[in-house]
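Structure at a glance
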Amino acid sequence: MQCYSTLSPFPCVQCGLCCQRVNRSSETHFLDRGDGTCKHYDATSKGCSIYEDRPDICRVDLQFNRNYAHFYTWDEFIELNLVVCRELIAEEAQSSKRHLTKN
């Protein structure tokens, strides 16, 4: 198994959208503060208030090595995650667009 500290960093754009959708996965549901958003999400910084001590499920490199390294390369795993990122960004853009047209 490859040591996760040698992997290139995950290219997160820090939009915070995955942290605002923790209710969508059984793996992250325990983080839901009741509205789908992670209880550790800081809306001002769009980051994690406990980043250094965040749960293992929030550590992309660790999840790769524990659960996905035998299925994908790191680059393939990143691309699969980026697909989800792009979907969340597009969904948010559509939601914002609908909100603007209502007002």
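Right, let's walk through the structure included here.

Structural notes on the overall build of the protein chain
Looking only at helices and strands, the protein chain has 2 helices and 2 strands in total. Reading the protein chain from its N end, one meets helices and strands in the order β-β-α-α. Burial analysis of the protein chain (103 residues in total) assigns 25% to the buried set.

Here we look at the pattern of salt bridges
With the rule as written, the count across this model stands at 6 salt bridges. Salt-bridge contacts for arginine 21 lead to glutamate 91; the nearest nitrogen and oxygen are separated by 3.5 Å. Placement of the pair is arginine 21 in the segment before strand S1 (41-42) and glutamate 91 in helix H2 (residues 74-102), with a sequence separation of 70 residues. Residue classification places arginine 21 among the buried positions, given a relative accessible area of 15%. For glutamate 91, a relative accessible area of 33% gives the class partly exposed. One salt bridge connects arginine 21 with glutamate 92, and the closest N-O pair in it is separated by 2.9 Å. A residue pair is termed long-range when its members are at least 10 positions apart, and arginine 21 in the segment before S1 and glutamate 92 in helix H2 qualify at 71 residues. Under the relative-accessibility criterion, glutamate 92 is labelled partly exposed at 28%. Several salt bridges converge on common partners, so that one network encompasses Arg21, Arg24, Glu91 and Glu92.

Brief notes about a nonpolar patch on the surface
Side chains of Phe71, Tyr72 and Leu80 sit close together on the surface and give an oily, nonpolar patch of about 300 Å² of accessible area. Within the fold, tyrosine 72 resides in the loop between helix H1 (60-68) and H2. Take tyrosine 72: its relative accessible area is 33%, and that puts it in the partly exposed class.

What to know about the state of the cysteines
All told, the structure shown has 0 disulfides when counted by the stated rule. No disulfide involves cysteine 48; its sulfur sits 6.0 Å from the nearest other cysteine sulfur, which is in cysteine 38. Classification of cysteine 48 by relative accessible area gives partly exposed; the value is 29%.

Rules and cut-offs
Residues numbered from 1 in each chain as written. Predicted model: local features only at pLDDT ≥ 70, side-chain atom pairs only at ≥ 80, totals over all residues. Heavy atoms only, no water. Helix = DSSP H or I, 4+ residues; strand = E, 2+ residues; numbered from the N terminus. Buried < 20%, exposed > 50% of the residue type's maximum accessible area, 1.4 Å probe, protein only. Salt bridge = Lys/Arg side-chain N within 4 Å of Asp/Glu carboxyl O. Patch = residues over 30% accessible without salt bridge, like charges linked within 9 Å, V, L, I, M, F, W, Y side chains within 5 Å. Areas by Shrake-Rupley, 256 points an atom, 1.4 Å probe, with all protein chains shown as cover. Disulfide = S-S within 2.5 Å.

Read these as geometric descriptors, not functional statements.
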